[in-house]
Structure formats: structure tokens, C-alpha cells
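# Structural overview
Okay, here's what each chain looks like letter by letter:
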Amino acid sequence: METVVFENFAGGANYGDPEKIAVNEAAVLEHFVHTDGNLRSFEGRVLLNATEIEGSGSIGDLSRVTLGNTTRTLAMTAQKPLLDCGAGLTPQFRPIMDYGVADSNMSQVPWGSSLYILPPATPMLRWDNFAYFTGTASVTLDGTNVVGTGTSWDTANIRKGDTIYFYSSGAWTDGRYITLVTDATHLSTAVGGAAMVDVPYMISRGHYAGIDAPGGTITATPSGAGTGSIPAGNYLFAVTLRNSQTGYESNPSYISGTVVCAADDKVVIAAFTTAYNTWESRLQADQMRIYRTTAGGGVYYLALTASRDQADYAFATSYTVTGADSTLGAAIEVNHEMPPGGAGQLLRWNSRLLAVDVCSQWASAGSYTALSANNRIMVSTTNRPEYWPLFELGVVDVTTVNRLLGGFMDVGDPGRTLMQAVPEQGTTAAEGTRGENLLLVKESGLFYRLFGRDWTEFNLQEAFSSSCVSRQTIFNANGVLVWVSDSGPMALTPGSNHPVSVYQKLFPQASRRFSDLVTSGSKSLCVGVVWNDWYIVAWPETPSTTNNRAFCLHLPTGTFFTLDGSTNPLAAASFTRWDGPSDMNKLYYGQAGAAYVWELFAKTGSNTYWTPASSAGVACKFVSQMVTGGPPQLATEKHIKEVLVCFQRPAANQTVTMTVLVDGMTTGTGRDLTLLTAGSKGRAWVKYLNCNEQADSCFQIQITGTFTVPVVLERIIVKYTLHGQHR
């Protein structure tokens, strides 16, 4: 076969044997899938939303997540996470949280009935799988009183601390905390705004993950002998905040001075600041817990649990502790530091949440300290995704610290970003510990492995060197790790330190690297997905600043082909594979530069097409291998008699154009043939006579057409005569 120039990501030519096509090579394919020698047309792409989901920007991820027993569809955007509220609603997608997400298909993790979301520079968020959007709502002039229209909410559905959004003038407002639910159609919010009449709304239950400690100190004043049941002695008091719905509690930070009590005393706790009624992380807490020691003791025990006042959703200005030691509850817990304030990736690993490329972390009183390094990885306490203590690997004393607590570790050069962590089954060479380890990818071109489940096992090892263009291109594909390096696709067997250069198998003498084709400074835009046996990657080809090209790698065979055509670029900002009951294994992508979502490899009705604007079909082309013939000679040369081409019967009649390409030519005279859906034979055979009359030495058969249903080309048979004999 003549040298085949494949419309490939590397931009190089196939320098193999010009007379053969290897198993991992392909002819020029556009809108075709090449499998086991057969060719079938792609079924195109279908636009899901007729109008943009969001007024500007793009959809970073369209996710189907399971929270508890509920399946939800979310569109993650740079402005807000949006929930699909069902057909017939205007607008259909409605916000569940403030703050957008970066690298959003790696910034959310379901955990039980909650969804954890990681914005790029603000605290981690938690959505509690609650959304209420019946009817419409109006807002009074001061913006704090809300009246429902055609709706009926009550305290069983809506509660204080929930957030309400309104759709006005083509956009969603920022969220406002609900402070009072008056009756089935009236509520109040903490922050006002413009008046609105009968507009769509969304009430959502979302908060910062974790609860910040109250801050400051308290006064603890004894009332005197005989006023309560506290024994005589010296006492200390502390206060925490707690969310009764989730069970998460803050660290204590309201600590009193020593309180001297008489016999049978009581103590009034007061002097709270307003901080716990203002900052969002504290506002989610509907309980305050007061702890005290025993006389002269150092351990704090639960003495009183108080709830926010029902009128204004605020705590009282003081509480009284009266109980004897026998009424005390559990000892106070610490190490409840809040989650990090921004990272590049969030994932679930060994019963923990893990944040990669942490840019800031909790400090105090709702503040986050920016980190000078971006090589930090943080892990939560085991089975406690909202507790993130600051113990450091290599510094923490594992003999004195609870091994299940969270902490952090810095990986490699602090000047190089820790790009990605991908789960990998393997063992550590030092201890042989079994379990799920992590492969950590550094921007510097180094890969590390993290082993172990707790502080007694954690072990960080340097693995091997390889570049990675984007954190959104590395995946565990059924046990084989794949990513895109500066040179091209790579693959790695789990536990191995020897990655395979997949691109070299196809293009051993490729003239250009993958990164040479990407717009300068835009490598981070590259995104990928593993779907069935395919690894699909989209990237921005120079000079584009948004993704406009895509390639597919068939993992079992190593076959490459492009997914897009020159006139219909696949502009994918993100890919999403769904596993829902009604759309199992469907593949979607969010469009780069616009808030549209497409379903890939899909049909609408009986038409198959690449762009939604046309139902004329998919333009397809296939060029065969080179067939060697020659002018008829009586002694030795082959005389090509005819060429038979076999197709499967299509679902609808299709017109195929067959063209003979002579001696490497790219154009020729085509002949239109009709493939019928039914006939006397199970296959549709078409015949091309006297091919050699047009060729001095060799030719190719080109098949083209615009197909509205899949067309399968099964085989090409060459008949010839030799020594006057028909063969």
C-alpha cells in the first residue's frame, strides 16, 4: 500500500512499508470507525439543548451523579453549578450553589447523600441534595420578603439556612440565605435586593464544607451556691458550632478563663460575638454546644446543646449551664479543621477525600492562607470528608497521632504544580502493602506514587519521568493508565515504572510532537475521556484558543483516527460518560466557548448527521490499499478483470460513489451506485470493470458518499486473469 498520510494528532506521515497497512495503522478515515477490518460511519452528534444553558461561558462538565437513592444531572460551569430540573421548566437548569468551578469534571465528588464541590480559590462546598422549585415567586421592594406563586412550601420542605435564587433579566441572582419560613407561601431572606414579580426560583441546601470555629473568647459567670447542680471547684468552658443535619462540628475556640464555682452552682455563658451569625460556614450550624471540664480537670465534656432562635435564626446572647457531672455527655473532639480553600482536583480515595494542587488552606475565623507552593496534596480524616487536620507526612509522630486523621504532604519541587492524582492498583516495593495507591503527576515531568491508607503506612516514592500536557487527559482505563505527553499518547501497566510510548508505534518517525500542534500556552485546555475501548482527546490546534480538534485511540489495537472533520470541528471543553438507567454508557461533551451540550455517537430519528443544522447525512470517505496490476501481458503479468465491493444492506437506500485513483492520484472519475435495503442476496455487491485499463501499474478504490444511516463496507475482492486463465 502506498504511504498513507493519516489525519492525525502528530502531523507526521506513516513511514512503514508502503505496500502494507499494519494493525495499528489506518487509511484516511473521516466519520468512520475502523474495527476488525470493517468500516462503519459514525452516527454523528446531537445537540441536547436548543438554547444555551448559561448566558455566557461554557459547560465544563455535564455529570450524572447518584446521591443517596437519587440520580441527579448537573451542569458544572465557571459561574455556578446548575441542576437539571426537568422538561417544561424555564429555565430548565437552575443553580444549586454560588461560585463556579475550574477543571470542573475533576472538582466534584459524591459522598452519601451529599455532593462536594471544589471551586478554584474559595472554600470547598457541600450540596445536600435538596432543591425546591415549584411555581414562581415574587420579592418585595426591600428584597427580603418572598411570596410564592403557585407553590406551597413549609418547614418540612424549606428550612432556615437554605439558599434561594431568582431568575430575572436573563440571569440568576446570587444566593440569599433564608432566615424565616412564615407559612406555606411566605419566607424572609437575610440579604435584600431588587423587587421581582412571578419569576422562576430555586431553593437549594448548600454550604461551605466544614464549620469554622466560633472565634474569640466567652465570659463564664457563676451564680453562687444553691443556684444549680455544679459541684464546687475550678472549671473551664468551651463552645463549638454544629450542623445537626450532617453531624459535623467545629473545633472549639470560645474558651473561658478559670471559673470558680461554689457548691451546687450554675454558670452563665455569654459575650458571644456576632461572627457565628454572619459568615456562611458558621451560618449553616443550627446548634451551639457548650462543654465544661470536671472540677480541676483538663478534658471537656458536653454540658449543653442550644439551637438557633426560631424567629431570626440567631443564637441567644447567653446560655446557662446547671447540670451536675452525672449529666455530662461525650468528651469534646478536636482536629476538625476545615477543608482546603481551593485545589485543582478533588477525588475519593481509600475512604477519604483528597485534594490535589492545593492553593490555600484554612487559617482561622473564616480566612484562608495562600500557599507559596502548588505541590501540596491534602487528605481528610477517614470517613470524615469535612475534617482536614494539618498533620504533615514525615513530620507527624505516628506513634502519638490517631492514624486515621487527615493531613498533608508536599510532593517534589515546590515550584512545579502537582497536576493530577489517579488511582492505581499496586504494591509498594518497600513494604509490599496491598491496596489502592495513587499515581501522582507533576508538571515537571516526574511521576510519584503514594501508598498506604493511614499515617502508619503512607509512603511517597518517585516512580518515573514523563511529561503530561493536562490534568484532564490522564485516566485509569480498565487497569491501564493513559495520558497525553508532549510527544503524544502514553500508556502504563499499573505498578510499572516503564510507560509505553503509544505514539511511536504509529508514527516512529513523526516529524512533529503533539505539543508542537497545540496553541502556545493552551496545553491545559486539553481534555480526554475513556469510553468503551476508546481514549478520546480534544485539544486547541494552533492558532485556536479553544479546543477545535479531537483524536481517538482504540486501546486494544492502537488504531488512531480523528473524530472531527475540517469543516465541522469538535469543540469539546469537557467530556462526560453517563451510567444512568435510561442512558447507560452514553457520551457527552460540553462545547468550548458556549454553554451547549452534545451527545456523541447518537442519532435523531432515521437521520445520521454530524451537525444539527443538516439532516442530509454524514459525508464519508474511504481509500483502499494500493492494488498492483499492469497492462495485460500474455506471459507473466496479471490482468485485472474486475473489482467487487461488498456492503451490508443499509437500513435505507444509500448512494455510494466509487472512484478509481490511478497511480497515486487523489482525484478521478466517480461512478454512482445505489445500495438497496433489500435484494436477492443478503449483501449488496457492486462491480467495477476493467480497472487496469486506466492504470499503468497500480490503482486504489475510493468509496465516498453522504450517508443518512450507517454504511458498512465489508470487503473488496479483486479478480484477475493470469496466463489467460480466469482467477
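So, here's what we can say about the structure. (Residues numbered from 1 in each chain as written. Predicted model: local features only at pLDDT ≥ 70, side-chain atom pairs only at ≥ 80, totals over all residues. Heavy atoms only, no water.)

### Looking at the overall build of the protein
Keep this limit in mind: Numbering of helices and strands runs from the N terminus, with a helix taken as a DSSP run of H or I at least four residues long and a strand as a DSSP run of E at least two residues long. Only protein chains enter the accessibility calculation, which uses a 1.4 Å probe; a residue whose area is less than 20% of its type maximum is buried, one above 50% is exposed, and one in between is partly exposed. Throughout, a contact is declared for two residues whenever any of their heavy atoms are within 4.5 Å.
On a plain count of helices and strands, the protein comes out with 3 helices and 58 strands. The proportion of buried residues among the 727 residues of the protein is 53%. When contacts within the protein are restricted to residue pairs at least 6 apart in sequence, long-range pairs at least 24 apart make up 64% of them.

### Some details on the sheet that holds strand 34 (residues 407–410)
Heads up, the rule is: Note on pairing: DSSP must find at least two bridges between two strands before they are called paired.
Overall, mixed pairing links the 5 strands, which are arranged 28-29-32-34-33 in an open sheet. Only two strands of the sheet have a single neighbouring strand rather than two, namely strand 28 (345–349) and strand 33 (391–392). As judged from the 4 bridges shared by strand 32 (residues 376–379) and strand 34, these two strands associate in the antiparallel manner. Pairing of Ile-377 across the sheet is with Met-409, part of strand 34.

### Some points on unusual backbone geometry
Looking along the chain, the bond that leaves Thr-90 and enters Pro-91 is cis, with omega of -10°. Position of Pro-91 among the secondary structure elements: in the loop between strand 6 (81–84) and strand 7 (93–95). A cis geometry characterises the amide bond from Thr-542 onward to Pro-543, with omega recorded as 10°. Mapped onto the elements, Pro-543 comes out in the loop between strand 44 (534–539) and strand 45 (549–554). Here Ser-169, not a glycine, exhibits a phi torsion of approximately 55°, which is positive. Residue position: Ser-169 is located in the loop between strand 13 (163–168) and strand 14 (171–172). Even without being glycine, Asn-335 reaches a positive phi, approximately 60°. Along the chain, Asn-335 falls in the loop between strand 27 (319–321) and strand 28.

### Focus on the environment of Asn-243
Selection rule: The term polar contact refers here to a pair of N or O atoms within 3.5 Å; inside protein, the definition further demands a hydrogen-donor-capable atom paired with an acceptor-capable atom, and it admits residues adjacent in sequence only when both atoms are side-chain atoms.
Looking at the element boundaries, Asn-243 is found in the loop between strand 21 (237–242) and strand 22 (254–255). A residue is classified by how much of its surface remains accessible, and Asn-243, at 3% relative accessible area, is buried. Along the primary structure Asn-243 and Met-288 are separated by 45 residues, whereas in three dimensions their C-alpha atoms are 8.9 Å apart. If we ignore the near neighbours within four places in the chain, the residues touching Asn-243 are Arg-126, Ile-211, Tyr-248, Gln-284, Ala-285 and Asp-286. A polar atom in the side chain of Asn-243 sits 3.3 Å from the backbone nitrogen of Thr-246.

### Let's talk about the sheet that holds strand 24 (residues 267–270)
Heads up, the condition is: Every axis in this analysis is a line fitted to C-alpha atoms, fitted for helices over the stretch in contact. Angles between the N-to-C directions lie between 0 and 180 degrees.
With respect to topology, 3 strands assemble into an open sheet ordered 19-24-27, the strand pairing being antiparallel. At either margin of the open sheet sits one strand with a lone partner, and together these are strand 19 (219–222) and strand 27. Within this sheet the neighbouring strands show an average axis-to-axis angle of 25°, counted without direction.

### Some words on the side chain of Arg-72
Filter applied, for reference: His is not counted, nor are the chain ends; Lys and Arg add positive charge and Asp and Glu add negative charge. Salt bridge, as applied in this entry: a Lys or Arg side-chain nitrogen positioned within 4 Å of an Asp or Glu carboxyl oxygen.
With respect to the helices and strands, Arg-72 occurs in strand 5 (residues 70–77). One buried charged residue, Arg-72, remains without a salt bridge, the closest side chain of opposite sign being Asp-84 at 9.1 Å. One polar contact links Arg-72 to Asn-129, side chain to side chain, over a distance of 2.9 Å. For Arg-72, the residues in contact, after removing those within four places along its chain, are Ser-63, Arg-64, Val-65, Leu-67, Leu-83, Trp-127, Asn-129 and Ala-131.

### Let's talk about the pairing of strand 36 (residues 436–442)
Of all 7 residues making up strand 36, 6 are buried, and the element is well covered by its neighbours. With 4 bridges joining them, strand 36 and strand 37 (residues 446–451) adopt antiparallel strand pairing. The residue of strand 37 that forms the bridge with Leu-439 is Arg-449. Where strand 36 folds back on strand 37, the antiparallel hairpin that results is connected by 3 residues, among which Gly-445 adopts a positive phi of roughly 100°.

### Considering the pairing of strand 18 (residues 201–208)
Extensive coverage of strand 18 is indicated by the burial of 8 of its 8 residues. Where strand 10 (residues 125–132) and strand 18 come together, 5 bridges link them in antiparallel fashion. The residue of strand 18 that forms the bridge with Leu-125 is Tyr-208. Bridging between strand 13 and strand 18 involves 4 bridges; their strand directions are antiparallel. Directly across from Thr-163, in strand 18, lies its bridge partner Ser-204.

### Some thoughts on the environment of Tyr-300
Along the polypeptide, Tyr-300 turns up in the loop between strand 25 (287–292) and strand 26 (301–307). According to the relative accessible area criterion, Tyr-300 is buried, its value standing at 15%. Residues contacting Tyr-300, with those up to four places away along its chain left out, are Leu-236, Phe-237, Ala-238, Ile-255, Tyr-291, Arg-292, Thr-293, Ala-330, Ala-331 and Ile-332.

### A short note on the environment of Val-422
If you trace the backbone, Val-422 turns up in strand 35 (residues 418–425). Expressed as a C-alpha distance, the spacing of Val-422 and Arg-449, which sit 27 residues apart in the sequence, is 9.6 Å. Here Val-422 is in contact with Asn-437, Leu-438, Leu-439, Ile-474, Phe-475, Asn-476 and Leu-481, once residues within four sequence places are set aside.

### Some points on the packing of aromatic side chains
The condition that has to hold: In this scheme Phe, Tyr and Trp rings, the latter by its six-membered ring, pair at centre separations within 6.5 Å, and the angle between planes marks the pair as stacked below 30 degrees, edge-to-face above 60, and tilted otherwise. Each ring is checked for a lysine NZ or an arginine CZ that lies within 6 Å of its centre and within 35 degrees of its normal; such an atom marks a charge sitting over the ring.
Tallying each qualifying case throughout the model produces 15 aromatic pairs. Ring plane angle 40° and centroid distance 4.9 Å describe the contact between Phe-447 and Trp-483, whose orientation is recorded as tilted. On the criterion of sequence distance, the pair formed by Phe-447 in strand 37 and Trp-483 in strand 40 (residues 480–484) is long-range, its members being 36 residues apart. Judged by centre distance (6.1 Å) and plane angle (25°), the rings of Phe-464 and Trp-483 are stacked. One end of the pair, Phe-464, is in strand 38 (residues 459–465); the other, Trp-483, is in strand 40, with 19 residues separating them in the sequence. Comparing Phe-464 with Trp-483, the two get one shared label, buried. Geometry around Phe-130 places Arg-205 over its ring, the cationic atom sitting 4.0 Å from the centre. The ring centre of Trp-111 lies 3.7 Å from the NZ or CZ of Arg-348, which sits over that ring.

### Observations regarding the pattern of salt bridges
As a working rule, side chains carrying opposite charge can pair if their charged atoms are close by. Applying the stated criterion across every chain, the model contains 13 salt bridges. We note a salt bridge from Asp-454 to Arg-403, for which the minimum N-O separation is 2.4 Å. Of this pair, Asp-454 sits in the loop between strand 37 and strand 38 while Arg-403 sits in the loop between strand 33 and strand 34; the two residues are 51 residues apart in sequence, bridging distant segments of the chain. We classify Asp-454 as buried; its relative accessible area is 4%.

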